[in-house]
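What the coordinates show
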Amino acid sequence: QVHLVESGGGLVQAGTSLRLSCAASGRPATDLDMGWWRQGPGKERELVADIVSESTSYADFAKGRFAISRDSAKNMVYLQMNSLKPEDTAVYYCVARRRSEVGGFKYWGQGTQVTVSS
């Protein structure tokens, strides 16, 4: 069983920055691929970024503004968000999957709210 706990969300002004953190437990960092998804008001969940086989990928809206990183020794994953826009307002979820598994991310945290004011 993999457990994920997000933190770092809050209310910020447009143009500012925020860093989200995710603490993983249950499996070692070497056994997991990690990522971030989000769900805005009235919208479906969408991929923000992930780290798979030490390579990072980003949604178009995140490129150039967001950065995903890991601290494997602490089994932590981070999402640095810069130049935030009101449309970034959403619940952000940390996600994980076993590297040996085929398919999407199986494990989800409970989310952290990010609200960006204009």
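Here the structure is a predicted model, which means the values were calculated and not measured. (Residues numbered from 1 in each chain as written. Predicted model: local features only at pLDDT ≥ 70, side-chain atom pairs only at ≥ 80, totals over all residues. Heavy atoms only, no water.)

Topic: the packing of aromatic side chains
Going through the model one piece at a time under the given rule, you end up with three aromatic pairs. On the basis of an interplanar angle of 80 degrees and a centroid distance of 6.4 Å, the ring pair of F61 and F66 is categorised as edge-to-face. The class of F61 is partly exposed, set by a relative accessible area of 23%. With a relative accessible area of 5%, F66 lands in the buried category. With a centroid separation of 5.7 Å and an interplanar angle of 65 degrees, the aromatic rings of Y93 and W108 are classed as edge-to-face. Here W108 lies in strand 10 (residues 107–108) and Y93 lies in strand 9 (residues 90–98), a separation of 15 residues in the sequence. (Phe/Tyr/Trp six-rings, centres within 6.5 Å; stacked < 30°, edge-to-face > 60°. Buried < 20%, exposed > 50% of the residue type's maximum accessible area, 1.4 Å probe, protein only. Helix = DSSP H or I, 4+ residues; strand = E, 2+ residues; numbered from the N terminus.)

A few points about the pairing of strand 6 (residues 55–58)
Pairing geometry for strand 5 (residues 46–52) and strand 6, over four bridges, is antiparallel. If you follow D50 over to strand 6, its bridge partner there is S57. (Pairing = 2+ DSSP bridges.)

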